[in-house]
Amino acid sequence: MSQITEEFSNIWNGTSFGQRLIFIVVILGFIAGLLAVTYWVRTPDYGLLYSDLGQKEAAEVVSYLQDNNIGYKVKDSGSTILVPSNKIYEARMSLAKDSLPRGEVGFELFDKVKFGMSDLAQKVNYRRALQGELSKTISQLDGVEWAKVQIVIPEPSLFVGDEKPSTASVVLKMRKRNAINESILAGITHLVSTSVEGLSPENISITDSKGNLLSKTGDTKLSGVVSNQFDLSRKREDYFASQAMSIIEKITGPGKAIVKVSVDLDFKSVDEKQIEYDQDKKVPVSQVITTQSTEMPGVANGDSAGKMTKESEETETTQYALSKVERVVSEHEARIKRLTVAVLVDGNYVEEETEAGTIISKYVPRTEEELNQIAAIVKQAIGLNESAPRNDKFEIQSVKFQHNTPVFVDEDGVEKDDKKAFILSIARSSSLVIAVLAFLLFASRALKRMSSPRQQVAAGGYATYAAPAAINNNSADGIELTRQSKEDDRAAIREGIISNAQDDPRTTSNLVRKWLRESD
């Protein structure tokens with residue numbers, strides 16, 4: 001160890017101030033680079049733990065991560081929390097064990113019963129729990145990012161006329177735009193209405209996170225009827241168009257036909273009551289028989305003079321009801337008044353060779369026979385009636401379609417990106433080892449160059465020029481003179497001086513200056 005120290009000390013003393021400064025700067029730069037590479041390698045990749053958190057929920061999650069020594073980052077003003085990618089699922093399970101993030105409270109409010117709680121407080125907690133459970137249930141639906149439910153349950157009244165209905169409002173935030181359709185709204189409305197006692201579907205209001213009204217709570221009865229009629233017309237049009245398209249595409253191929261159908265519906269609603277009487281069939285309903293008796297005195301000059309006579313009269317009254325048949329006929333249907341169908345069919349394409357030798361695709365419209373054949377089949381499929389009173393209309397034409405430009409996927413670019421990411425991951429894993437090896441290689445070359453025989457340390461502590469062994473008076477081998485001629489010695493010395501001056505001009509210049517100072 002002492003020999004190595006002495007050798008390094010001799011090398012250090014044989015260097016100039018500029019060389020020493022460069023050596024120190026290189027060492028410090030290597031140490032700083034080594035620390036930076038070590039920090040970069042040890043810094044983990046962060047992934048999303050939770051997003052769109054409230055301030056209170058985010059504070060609870062951060063406190064838990066700090067207590068369990070889990071690294072984290074906070075973004076988006078505290079609403080997004082990131083953790084190392086290899087600890088995402090472990091952190092989520094650990095947080096779920098402690099019911100974090102809490103979010104909406106549900107019926108867990110009643111897990112701890114507090115004695116002395118008033119009836120009003122119990123009702124408020126029950127409403128909060130019900131709102132929280134509905135919010136969590138709706139948030140579990142596909143496409144729903146989060147949901148908030150507010151319920152108003154009025155106090156019961158002694159008078160039926162003074163009772164107010166329960167109402168509810170739902171705020172939704174969807175993961176994708178235009179992800180809300182009528183079926184989802186109907187399902188949420190039904191879910192909320194059946195979960196709250198006394199809540200009817202028309203008293204539920206649904207809005208999105210931007211304040212747009214999604215439900216049809218405020219629609220009047222007339223507007224609701226019109227909306228239903230419009231929906232029915234659109235469904236009929238889509239049905240007829242799909243029926244026609246399924247047949248045409250079998251003939252022309254997919255993507256070579258367009259079918260549009262317009263349906264004019266007659267929404268007739270008739271309630272009729274019919275009563276028919278049959279005079280031949282009589283049915284006695286009631287019969288009343290009345291008997292009247294009268295006593296009168298006899299005639300004076302007759303045999304029955306002085307005697308009373310008795311007379312009786314009987315009356316019978318019968319009421320008959322005619323046989324009748326009552327019929328109640330209700331007609332609520334949408335009859336088709338008229339159909340209008342328009343069909344566009346793409347033609348055929350034939351490849352032709354031009355004079356330049358290139359092959360082009362030439363458009364050839366379909367013949368009248370083909371169009372008539374397609375028209376006849378479509379008319380039969382959708383039940384078209386061109387006679388009175390409907391007078392349906394049908395039009396078919398062959399036109400050239402503007403085909404969409406195919407989407408080009410740069411597979412080479414994707415492959416290059418994948419290779420770049422792979423190489424970067426390997427470089428990150430091995431950068432520390434490469435940096436150490438590069439420094440050792442640089443240091444070894446520098447030490448080798450500095451310890452070359454052209455620089456040796458003199459006894460006085462300054463650098464002297466190292467001549468060849470034949471003329472070095474300080475070396476043991478320089479005492480014995482070679483048997484070669486003086487001309488050979490001079491040539492060897494001259495070549496050695498020239499070679500050393502070319503290899504290390506700075507040391508040579510310093511040595512010349514030293515000789516000049518000694519000569520003075």
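Residues numbered from 1 in each chain as written. Predicted model: local features only at pLDDT ≥ 70, side-chain atom pairs only at ≥ 80, totals over all residues. Heavy atoms only, no water.

If you check an unreviewed UniProt entry, the chain appears there as Flagellar M-ring protein from Candidatus Scalindua brodae. Database annotation for the chain, UniProt heading Function (unreviewed entry): "The M ring may be actively involved in energy transduction." The UniProt entry for the chain carries the following comment under Sequence similarities (unreviewed entry): "Belongs to the FliF family." (UniProt positions renumbered as here; feature names shortened; annotations may be inferred.)

A.B. asks: Help me understand the side chain of Ser-193, please; the structure alone is not making it clear to me.
C.D. replies: Positionally, Ser-193 belongs in helix α6 (residues 182–195). Classification of Ser-193 by relative accessible area gives buried; the value is 9%. When neighbours within four sequence positions are excluded, Ser-193 is seen to be in contact with Leu-199, Ser-200, Pro-201 and Ile-204. (Helix = DSSP H or I, 4+ residues; strand = E, 2+ residues; numbered from the N terminus. Buried < 20%, exposed > 50% of the residue type's maximum accessible area, 1.4 Å probe, protein only. Contact = heavy atoms within 4.5 Å.)

A.B. asks: Hey, could you run me through the pattern of salt bridges in this one?
C.D. replies: Opposite charge on two side chains makes pairing possible when the charged atoms of those side chains draw close. Counting across every chain of the model gives nine salt bridges. Here Glu-370 makes a salt bridge to Arg-366, at a shortest N to O gap of 4.0 Å. For Arg-366, a relative accessible area of 11% corresponds to the buried category. Among the salt bridges present, the one from Glu-386 reaches Lys-379, with a minimum N-O distance of 3.1 Å. One salt-bridge network, held together by shared partners, links Asp-119, Lys-123 and Glu-155. (Salt bridge = Lys/Arg side-chain N within 4 Å of Asp/Glu carboxyl O.)

A.B. asks: For this particular structure, what's the right way to read the nonpolar core?
C.D. replies: Note that soluble globular proteins tend to have their nonpolar side chains buried in a common cluster. Counting 23 residues, the largest nonpolar core has Val-259, Val-261, Val-341, Val-343, Phe-394 and Ile-396 as the members making the most contacts within it. Look past the residues within four positions of Ile-396 in its chain and what remains in contact with it is Val-343, Val-345, Leu-371, Ile-374 and Ala-375. Ile-138, Ile-188, Val-192 and Ile-206 belong to the second largest nonpolar core, which has 18 residues in total. (Core = buried A, V, L, I, M, F, W, Y, C linked by side-chain atoms within 4.5 Å.)

A.B. asks: Hey, could you run me through the sheet that holds strand β3 (residues 80–84) in this one?
C.D. replies: Each strand in a sheet pairs with its neighbour through backbone hydrogen bonds, running either in the same direction (parallel) or in the opposite one (antiparallel). The antiparallel open sheet is built from three strands, whose spatial order is β1-β3-β2. Edge strands, defined here as strands with exactly one partner in the open sheet, are β1 (46–50) and β2 (73–75). The average undirected angle you get between the axes of adjacent strands in this sheet is 40°. Inspection of the sheet shows β2 paired to β3 by three bridges, in the antiparallel sense. (Pairing = 2+ DSSP bridges. Axes fitted to C-alpha atoms, helices over the stretch in contact; angles between N-to-C directions.)

A.B. asks: Just to check I follow, could you spell out the sheet that holds strand β5 (residues 167–174) for this structure?
C.D. replies: The strand order across the open sheet built from three strands is β4-β5-β6, with neighbouring strands paired in mixed fashion. The open sheet has two edge strands, β4 (144–152) and β6 (204–208), and neither has a second partner. Between one strand axis and the next, the sheet turns by 15° as a mean value, whatever way the strands run. The sheet contacts of helix α5 (residues 119–139) involve β4 and β5, and relative to β4 the element is tilted by about 155°.

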